[in-house]
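Reading the structure
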Amino acid sequence: MKKTNKASKKKTATPRIDTGESVADRKKRAKRILAGLHKQYGDADCALIHKDAFQLLIATILSAQSTDETINKVTPGLFKKYKTPKALASAPVEDVEEVIHSTGFFRQKAKSIQGAARKIADEFGGKVPANMDDLVSLPGVARKTANVVLGTAFGENVGVVVDTHVGRLATLLALTWTSKDTKDAVKIENDLMEVIPQDEWTFFSHALIWHGRKVCPARKPDCENCTIAKLCPSAGLG
Ligand code: SF4
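Note that the structure is a prediction, hence the values are computed from the model and not measured. (Residues numbered from 1 in each chain as written. Predicted model: local features only at pLDDT ≥ 70, side-chain atom pairs only at ≥ 80, totals over all residues. Heavy atoms only, no water.)

What follows deals with the overall build of the chain. The number of helices and strands found in the chain is 12 helices and zero strands. Starting at the N terminus and ending at the C terminus, the chain contains elements arranged as α-α-α-α-α-α-α-α-α-α-α-α. Here the chain has a C-alpha radius of gyration of 19 Å; the compact-globule value for 238 residues is 18 Å, and the two agree. Along the three orthogonal principal directions, the C-alpha set of the chain runs to about 60 × 55 × 30 Å. Counted over contacts in the chain with a minimum sequence separation of 6, partners at least 24 positions apart contribute 63%. (Helix = DSSP H or I, 4+ residues; strand = E, 2+ residues; numbered from the N terminus. Rg over C-alpha atoms; globule rule 2.2 N^0.38 Å. Contact = heavy atoms within 4.5 Å.)

Here we take up the environment of Ala-146. With respect to the helices, strands and loops of the structure, Ala-146 is situated in helix H9 (residues 143-153). Judged by relative accessible area, which is 0%, Ala-146 ranks as buried. Between the C-alpha atom of Ala-146 and that of Leu-57, which follows or precedes it by 89 residues, the distance is 8.0 Å. Beyond its immediate stretch of four places on either side in the chain, Ala-146 contacts Met-132, Leu-135, Val-136 and Val-141. (Buried < 20%, exposed > 50% of the residue type's maximum accessible area, 1.4 Å probe, protein only.)

Now for the nonpolar core. Counting 36 residues, the largest nonpolar core has Leu-57, Ile-58, Leu-78, Leu-88, Ile-100, Ile-113 and Leu-135 as its most contacted members. At the level of secondary structure, the elements contributing two or more residues to this core comprise helix H3 (53-62), helix H4 (68-81), helix H5 (85-89), helix H6 (93-100), helix H7 (106-123), helix H8 (132-136) and H9. Examining the composition of this core, we find that eight residues originate from one element, H3, more than from any other. Beyond its immediate stretch of four places on either side in the chain, Leu-57 contacts Ile-120, Leu-135, Leu-138, Val-141, Thr-145 and Val-149. (Core = buried A, V, L, I, M, F, W, Y, C linked by side-chain atoms within 4.5 Å.)

Take the domain arrangement of the chain next. Quite often, the size of an interface is put as the accessible area lost when its parts meet. When the domains of the chain are assigned, the result is domain 1 (21-44 + 158-231) and domain 2 (53-153). Taken residue by residue, the interface counts 11 residues in domain 1 and nine residues in domain 2. By the criterion of area lost to domain 2, the three top residues of domain 1 are Val-158, Val-161 and Arg-213, representing 54% of everything that side buries. Between the two partners, domain 1 and domain 2, sit two salt bridges. One salt bridge connects Asp-68 with Arg-213, and the closest N-O pair in it is separated by 2.5 Å. There are four residue pairs in polar contact (both at pLDDT 80 or more) connecting domain 1 and domain 2. Those elements that provide at least two residues to the side of domain 1 that touches domain 2 are helix H11 (185-195) and helix H12 (201-214). Among the elements that line the side of domain 1 that touches domain 2, the one with the most residues is H12, at three residues. (Domains from an automatic or database assignment. Buried area = accessible area lost by both parts, 1.4 Å probe. Salt bridge = Lys/Arg side-chain N within 4 Å of Asp/Glu carboxyl O. Polar contact = N/O pair within 3.5 Å; in protein donor to acceptor, adjacent residues only side chain to side chain.)

As structure tokens, this is what we get:
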């Protein structure tokens, strides 16, 4: 019987390119990349539909291991049914699970969103806290989710959101260089914070996510039609 080569099926990590640039040169290149992204994506914003910080928080928790499209189909019904943190916290868990079923990992996610809603209702007067320490104290909320909420709902540039698109593109663009592990989100975030001006952190995350979807998907980057190709050391390598 023919053996399957499991190793060949394994996803390969995005290769890290050593440009040999100084941090100062990398900053200059990052500035030009930002200009290109502004030109193409203008006012790029979060793709998760939301009306306020609470809805964004819940949608972001639900978006783990799922797509924004799926979440955007589920959340209007969820927020119509449960309009406040208190209403969501006190709903029967089975009902919440049923509404969010299609987002995957629905049992754990129901526990997280109800736990976060309960804490917001009981300890934060029904309002999503606008600081990192309180946000990461909520069930199901880690730094990435907190960064999304702080940057998008509160306009606070406290970090760069590193999801799979941002991590992959930061690596392709050689804007991360300190880690051998190209999936180390914390190191990637630190590198990006060093070369991207702070007032651009939120825009940069949203723009890279859009760029990863529209022009530079993992399977087939469209380098020929990429507006930042001249600034990308990986252009034409895909
Ligand atoms: S040049 Fe190619 S690899 Fe680089 S960002 Fe553009 S599409 Fe992606």
